[in-house]
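Chain by chain, the residues run as shown.
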Amino acid sequence: MSKIHICTKCVMPETAETLAFDAQGACSVCRQIEFKQQNIDWEQRKKDLREFVEPYRGKADYDCIVPFSGGKDSTFTLLYLVKELGLKCLVVRFDHMFMRPVVEENTDRTLKRLGVDALRFSPNWQVVKKLMYESLVRRGDFCWHCHTGIFAYPMWISLKFEVPLVFWGEPSAEYGSFYTYDELEEHDERRFNRMVNLGINAEDMLGMLDNSVSDYKVTLRDLKPFTFPPSRELRKAGVRSVFLGSFIPWDVKQQVELIEKELGWKRDEVEGIPAEYGYEKIECYMQGVRDYIKFLKRGFGRTAHLTSIDIRNGRMNRDEGLELTQKYDGRRPAALDRFLRILDIDEKEFMNIVQKHVVAPNKMPDLDSIPRVNREPDDFREYDKKLDAAGD
Ligand SMILES: [Zn+2]
């Protein structure tokens, strides 16, 4: 662990994806956030935004599509587009099948208060389980179905409803270095292949799946919701797919306060992170497992990521960040039991799979030395009932 270089400004380690480090030992995201704070004319960008949306107003059944989870970023995005810009939005919700009750309540309340139409798509659970297992084995990351679905499905809806504008929320420059604040990030096929699908497209995935292990035989048609629409079709329809955070300065804490005040949005508990971050990634039962796998592979979890954001925004010093990170990252989450049950594997097999994806110089800890999260979030027992009902 001590051999891993940690950014001299925040607490992100060299094993984090897409980060580069400069001669002073600072990471590329820290440099980018300095750039965002000092060099961008946000007043001008706000004007650009108004100009940008104007041609879409009143042209189709909706002015834009808003991909929506019910978490803090998409809720703020929808609030801004409806209230600030006065756009008529179609909300598209891709259900990754692990939605927690608080996020469902938040969503229901938000949609009703804002007065918007919404579509919800839930993929085939038998297919989802196979995809989770296969992407865990191939990439040490079980979220392929969720990330590809979230980023592909709303694009299909844009084509089907002939609404050529899709508005995402947080730009990736806020936490990674594939894109910078210097450019207008667009969510297109290139971004999908670089950042979303783990280098596995739907055809590859179909070839990898073991279709002999359960009754359900997956076909290419089953994978269409996880496939990015062909570029030529999107181009022909003139679809633009942009991030609100490219036009206004993204500030998660301020935005959370705003949606709490305006929409009664509620926080929730997420395993493995300090309680004060109860606004982060509350949408998924499996978030704790995702963060835990990241720790096993890369030697850091979500607390490092969250405290780094606070450090960059001058709300925490680096020592406090390091202390919280050591205390919270890397504990075995209670959700892992549910996860193993869904994939029908034991913990030894799980550890063997993850071991193959460890990023040097990190070394995976021994199972016996890993501390556990002892208190389970309240809704986990509800979730067990759902698993029983689904026959998992
Ligand atoms: Zn940094």
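What comes next is a walk through the structure. No experiment lies behind these values; they were computed from the predicted model shown.

This paragraph deals with the side chain of R338. Mapped onto the elements, R338 comes out in helix α14 (residues 335–343). On the accessibility criterion, R338 (7% relative accessible area) is buried. Within the local environment of R338, its side chain forms a polar contact with the side chain of E376, the two groups lying 3.0 Å apart.

Six octahedrally arranged donors around a metal ideally form angles of 90 or 180 degrees; four tetrahedrally arranged donors ideally form angles of 109.5 degrees. In this structure, C7 (SG), C10 (SG), C27 (SG) and C30 (SG) serve as the protein donors to the zinc ion, at separations of 2.3 Å. Motif for the zinc ion, donor spacing along one chain: C-x2-C-x16-C-x2-C. Remark: C30 occurs in helix α1 (residues 28–39) and C10 occurs in the segment before α1; sequence separation between them is 20 residues. We classify C10 as buried; its relative accessible area is 0%.

For the rest of this paragraph, the subject is the layout of surface pockets. Here the second largest pocket defines a volume of roughly 490 Å³. K129, K130, V213, S214 and L343 are the residues nearest the centre of the second largest pocket, which is lined by 18 residues in total. Elements supplying a minimum of two residues to the lining of the second largest pocket: α5 (125–139) and α14. Looking at the lining of the second largest pocket residue by residue, the class counts come to seven nonpolar, three polar and eight charged.

Evaluation of the coordinates by the stated rule reveals four cavities of 30 Å³ or more. Among the elements that line the lining of the largest cavity, the one with the most residues is helix α11 (residues 287–298), at three residues. Here the residues of the lining of the largest cavity sort into four nonpolar, four polar and five charged. What the second largest cavity holds in volume is close to 50 Å³. Here the lining of the second largest cavity is composed, by residue class, of five nonpolar, no polar and four charged.

Our focus in this paragraph is the pairing of strand β1 (residues 64–67). Side-chain alternation along β1 places C64 and V66 on one buried face and I65 and P67 on a second face that is also buried. As defined by bridge partners, β1 adjoins strand β2 (residues 89–94) across four bridges and the pair is classed as parallel. When the sheet's bridge partners are listed, I65 is paired in β2 with L90. A crossover connection joins β1 to the parallel β2 through helix α3 (residues 72–84); in handedness this β-α-β unit is right-handed.

So, on to the environment of R93. Positionally, R93 belongs in strand β2. Here R93 falls in the buried class, since its relative accessible area comes to 5%. Here the alpha-carbon distance between R93 and A118, two residues 25 residues apart in the chain, equals 7.4 Å. A polar side-chain atom of R93 sits 3.0 Å from the main-chain carbonyl oxygen of S69. Separated by 3.2 Å, the side chains of R93 and T107 make a polar contact.

Thresholds applied
What you see as residue numbers is a count from 1 along each chain, following the sequence as written. Predicted model: local features are reported for residues with pLDDT of at least 70 only, side-chain atom pairs are reported and counted for 80 or more only, and whole-chain, interface and lining totals are derived from all residues. Computation of side-chain values: all heavy atoms of the structure, hydrogens and water removed. For the purposes of this entry, the term helix denotes a DSSP run of H or I that reaches at least four residues, the term strand denotes a run of E that reaches at least two, and both are numbered from the N terminus. Think of it in three bands: with a 1.4 Å probe and only protein chains considered, a residue is buried below 20% of the maximum accessible area for its type, exposed above 50%, and partly exposed in between. Pairing of N or O atoms within 3.5 Å defines a polar contact, subject to two protein rules: one partner must be a possible hydrogen donor and the other a possible acceptor, and residues neighboring in sequence count only if both atoms are side-chain atoms. Excluding water, the donors of a metal are its N, O and S neighbours within 2.8 Å, or within 3.2 Å for Na, K and Ca, and that exclusion means sites may look incomplete. A pocket, in this scheme, is an open set of points on a 1 Å grid over the protein atoms alone with protein on both sides within 12 Å along at least 5 of 7 lines, while a cavity is a set where a 1.4 Å probe fits but cannot get out; residues line either one if an atom lies within 4 Å of a point. Grid points are joined across faces, edges and corners, and a volume is the space filled by probe spheres set on the points. Throughout, the ten residues Ala, Val, Leu, Ile, Met, Phe, Trp, Tyr, Cys and Pro are labelled nonpolar, Asp, Glu, Lys and Arg are labelled charged, and all others, Gly among them, are labelled polar. DSSP calls a pair of strands paired once it identifies at least 2 bridges connecting them. Handedness of a crossover is defined as follows: orient the strands so they point away from the viewer, and if the path from the first strand over the helix to the second runs clockwise, the crossover is right-handed.

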